[in-house]
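Tertiary structure, described
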Amino acid sequence: MNADTTKKSVLSRRQFVNSTSLAALGLVAGAAPLIRTGRAAEVGANDKVRIGLIGCGGMGQGDLTCFFLNPEVECPVVCDVDDSKMLKAASICEQNKRAKPEMVKDFRRILERKDIDAVLVATPDHWHAMPAVLACQAGKDVYVEKPLARTIDEGRAMVEAARKHNRIVQMGSQWRSCNHIIEAAEIVKSGKLGKVSIVRGWAYLDWLPSIGKPADCPPPEGVDYDMWLGPAPKVPFNPNRFHFNFRWFWDYAGGLMTDWGVHLINMMLMGMGQQAPKSVFSTGGKFVFDDNSETPDSQVAVYEFPDFTLIWEHKAGMNNGLHGRSWGVQWSGTEGTIILNDGGYQVITEPKKANIESERKPGSGDPRPAHVRNFLECMKTRKPPVLNLEVGHHVSTVAHLGNIALRTGRKINWDGAQERVLDDPAADRMIGTDYRGPWKLPYLKRT
Ligand SMILES: NC(=O)c1ccc[n+]([C@@H]2O[C@H](COP(=O)([O-])OP(=O)(O)OC[C@H]3O[C@@H](n4cnc5c(N)ncnc54)[C@H](O)[C@@H]3O)[C@@H](O)[C@H]2O)c1
């Protein structure tokens, strides 16, 4: 999760779209959506897998390196709106003894290519849904970073597109593939902890500094800023509303509640199952930093599930979280408690009962290679990946609801089956999305 702030620029600037390509891709009002079959309806067991990278920043570079751990992976094309980032991705291809890729500034050029089997989407959150949905329409499989999308309705559109076009889509919250977390979640599901009624997740992050209040300025050379904004509102360029720090602005993301919250809610629900919450309330604010970020540096969200309570907590600017861990997850049962983070997990039995032994298990290392491998295998077998869209959409939805409760300042009552906030039209509208034209997301159930 490191920022990458290189600002080199060597390629020429290019207009992001012309009216012909917009119409061809179904992005103007009334145009039919793009349905184009790419090369890869299916990839054979021994075939090369050809991916296109969309978004070559910090995570795009990390994910690409992970994909290259698999000898069958090639990356003939990379895309970013910032030339300097594309050059970095291209050099990663060469360092990993792959051919120098084509570099394109408009992701739709990747979707047109018949030789591409899958796309890897590592753009800011407001740019997850559109490339992922259009990729499904174009017959590509998709590995898309977390959170699934910027809004709940976008996530639903992604689920519909993947279903309709029979695509394999994995969300990149790698912890689903982490052995010691899978093991701990199995203990919770087995009932050995007794009745688990409270689950907590927390992220206290001292490495996140204040980002200050830089003035608006022209975008760096080599950046197509209009394409960076895409469906988001047109605002002047500000260095903070850009690489990495986009996370702290509502137009592009949801702060730590969705950035880290999705990872940890994912872990918590691995033990508790994919139930929908009935309600959530949340409080927090910008208490630590005096900067131009918008999302809270300190926040608590409390979710009422049918038979347990889930508590989310984050705080920037300090490291001392619960149990001396800067971040973690805790399942509390009547017979025992499990506390877990990347370093491993600990089972602590209740003094009055002994159905489960106290123990400590070490962490099982970086889960990203296994998560990527699972996606590649599923491309070949056409089986659902571990963090398929149903699950990815569910855990992202839970995180988004925390922000909706925070922003409205009210307790939100949630109808999980209909995906609606009950009796609160203003909160319900926050599930939806308001794209800046000409961008128009196919499969949105509410427009
Ligand atoms: N799984 C994890 O542990 C993990 C860790 C970090 C980030 N992430 C996720 O990865 C995503 C990217 O985060 P990051 O930290 O790498 O951000 P970043 O700002 O470093 O990288 C995003 C890149 O996308 C590019 N981009 C923006 N619009 C684009 C467009 N229309 N077409 C092509 N490229 C475009 C940007 O120029 C930038 O280079 C986020 O959704 C984030 O939540 C996941």
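Scroll up to find the structure this text is about.
The text that follows walks through the structure, step by step, so that each part is easy to find. (Residues numbered from 1 in each chain as written. Predicted model: local features only at pLDDT ≥ 70, side-chain atom pairs only at ≥ 80, totals over all residues. Heavy atoms only, no water.)

Looking at the site of the ligand
Put simply, the test is: In these notes, residues near a molecule or strand are those with any non-hydrogen atom within 4 Å of it. Polar contacts, as counted here, are pairs of nitrogen or oxygen atoms within 3.5 Å of one another; within protein the pair requires one atom able to donate a hydrogen and one able to accept it, and residues that are adjacent in sequence qualify only if both atoms are side-chain atoms. Residue-level accessible areas treat just the shown protein chains as cover; the underlying method is Shrake-Rupley with a 1.4 Å probe. Going along the chain from the N terminus, every DSSP run of H or I of four or more residues is numbered as a helix, and every run of E of two or more is numbered as a strand.
Taken together, 29 residues lie near the ligand, and Met 59, Asp 80, Asp 125, His 128 and Lys 146 sit nearest. Measuring from a nitrogen atom of the ligand, one finds a side-chain N or O atom of Gln 174 at 2.9 Å. With respect to the ligand, the side chain of Arg 247 contributes an N or O atom lying 2.9 Å from an oxygen atom. About the coverage of the ligand: the protein hides 99% of its 850 Å² of free accessible area. Among the secondary structure elements, those contributing two or more residues to the shell around the ligand are helix H2 (58–67) and helix H8 (225–229).

Some remarks on the nonpolar core
The test is simple: For this analysis, a nonpolar core means a set of buried residues of the types Ala, Val, Leu, Ile, Met, Phe, Trp, Tyr and Cys, connected via side-chain atoms within 4.5 Å. Think of it in three bands: with a 1.4 Å probe and only protein chains considered, a residue is buried below 20% of the maximum accessible area for its type, exposed above 50%, and partly exposed in between. Where each domain starts and ends follows an automatic or database-derived domain assignment.
Grouped together as the largest cluster of nonpolar side chains are 106 residues, with contacts concentrated most on Phe 107, Tyr 303, Trp 331 and Ile 338. Residue assignment places this core across two domains, with domain 1 (19–174) and domain 2 (177–429) each supplying three or more. Counting 25 residues, the second largest nonpolar core, distinct from the first, contains Val 43, Val 49, Ile 51 and Phe 68.

A look at the environment of Pro 209
With respect to the secondary-structure elements, Pro 209 resides in the loop between strand E7 (196–205) and H8. Residue Pro 209 is classed as exposed on the basis of its relative accessible area of 55%. Separated by 107 residues in the primary sequence, Pro 209 and Ala 316 place their C-alpha atoms 7.9 Å from one another.

Let's talk about the pattern of salt bridges
What counts, and what does not: The rule for a salt bridge is simple: a side-chain nitrogen of Lys or Arg has to be within 4 Å of a carboxyl oxygen of Asp or Glu.
Using the criterion set out here, one finds 35 salt bridges in the structure. Note that Arg 156 is salt-bridged to Glu 419, the shortest N-O span being 3.0 Å. Taken together, the residues span a long stretch of sequence, with Arg 156 in helix H6 (residues 152–164) and Glu 419 in the loop between strand E15 (412–415) and strand E16 (420–421) at a distance of 263 residues. For Arg 156, a relative accessible area of 16% puts it in the buried group. On the basis of relative accessibility, which here comes to 6%, the residue Glu 419 falls in the buried class. In this structure, the salt-bridge partner of Arg 410 is Asp 424, at a minimum N-O distance of 2.8 Å. With a gap of 14 residues between them, Arg 410 in the loop between helix H12 (389–408) and E15 and Asp 424 in the loop between E16 and helix H13 (425–429) connect regions that are remote in the sequence. Exposure remark for Arg 410: the relative accessible area of 38% places this residue in the partly exposed category. Overall, Asp 424 belongs to the buried group, its relative accessible area being 10%. When salt bridges with common partners are traced through the structure, they connect Arg 156, Glu 160, Arg 163, Glu 390, Glu 419 and Lys 445 into a single cluster.

A few points about the packing of aromatic side chains
Definition in use: When two rings of Phe, Tyr or Trp (its six-membered ring) have centres within 6.5 Å they constitute a pair, described as stacked for plane angles under 30 degrees, edge-to-face for angles over 60, and tilted for the intermediate range.
Counting across every chain of the model gives 15 aromatic pairs. A centroid spacing of 6.5 Å and a plane angle of 80° characterise the contact between Phe 244 and Trp 248, whose relative ring orientation is edge-to-face. Both residues of the pair, Phe 244 and Trp 248, belong to the buried class.

Some remarks on the side chain of Ser 298
In plain terms, the rule: We call two residues in contact when some of their heavy atoms are within 4.5 Å.
With respect to the helices and strands, the residue Ser 298 is situated in strand E9 (residues 298–304). In this structure Ser 298 comes out as buried when scored by relative accessible area, which is 11%. Side chain to side chain, Ser 298 and Asp 297 meet in a polar contact 2.9 Å long. For Ser 298, the contacting residues outside a window of four places in its chain are Thr 283, Gly 284, Gly 285, Phe 287, Val 288, His 314 and Lys 315.

Some remarks on unusual backbone geometry
Note that the residue after Lys 146, namely Pro 147, is joined by a cis bond; omega there is -15°. Residue placement: Pro 147 occurs in the loop between strand E5 (141–145) and H6. With an omega dihedral of 5°, the bond running from Gly 437 to Pro 438 counts as a cis peptide bond. Mapped onto the fold, Pro 438 is located in the segment after H13.

Looking at the sheet that holds strand E8 (residues 279–285)
Hydrogen bonds between backbone groups are what pair the strands of a sheet, and the pairing can be parallel or antiparallel. The condition that has to hold: A pair of strands is considered paired only if DSSP assigns at least 2 bridges between the two. Angles here are taken between N-to-C directions and fall from 0 to 180 degrees, while the axes themselves are lines fitted to C-alpha atoms, restricted in helices to the stretch in contact.
The ten strands are arranged E14-E13-E12-E11-E7-E10-E9-E8-E15-E16 in an open sheet whose pairing can be described as mixed. Only two strands of the sheet have a single partner each, and these edge strands are strand E14 (359–362) and E16. Strand direction decides the pairing type here: strand E12 (residues 336–341) and strand E13 (residues 344–349), joined by six bridges, are antiparallel. Looking at E13, one finds that Asn 341 is bridged to Gly 344. Sitting on the sheet, H12 is in contact with E8, E9 and E15, with an inclination near 60° to E8.

Describing the packing of helix H10 (residues 261–272) against H12
Note the threshold: Geometric relationships in this document are graded by angle, where less than 35 degrees denotes roughly parallel, more than 145 denotes roughly antiparallel, 65 to 115 denotes roughly perpendicular, and other angles denote oblique. It is the rotation of the near helix from the far one that decides the hand of a crossing: anticlockwise by less than a right angle makes it left-handed, clockwise makes it right-handed. Classification used: nonpolar for Ala, Val, Leu, Ile, Met, Phe, Trp, Tyr, Cys and Pro, charged for Asp, Glu, Lys and Arg, polar for all others including Gly.
For the pair H10 and H12, the least separation of the axes is 9 Å and the interaxial angle reads 120°. In terms of axis orientation, H10 runs oblique to H12. Crossing handedness for the pair H10 and H12: right-handed. Residues Val 262, Ile 265, Asn 266 and Leu 269 of H10 touch H12, and the partners they reach there are His 394, Val 395, Ser 396, Val 398 and Ala 399. By residue class, the composition of the contact of H10 with H12 is six nonpolar, three polar and no charged.

Quick word on the packing of H2 against helix H3 (residues 83–95)
The geometry of H2 relative to H3 is characterised by a closest axis approach of 10 Å and an angle of 15° between their N-to-C directions. As summarised for this structure, H2 and H3 are arranged roughly parallel, according to the angle between their axes. Between H2 and H3 lies a crossing of right-handed hand. In contact with Gln 61, Leu 64 and Thr 65 of H2, H3 contributes Lys 85, Lys 88, Ala 89, Ile 92 and Cys 93. Looking at side-chain class alone, the contact of H2 with H3 contains four nonpolar, two polar and two charged residues.

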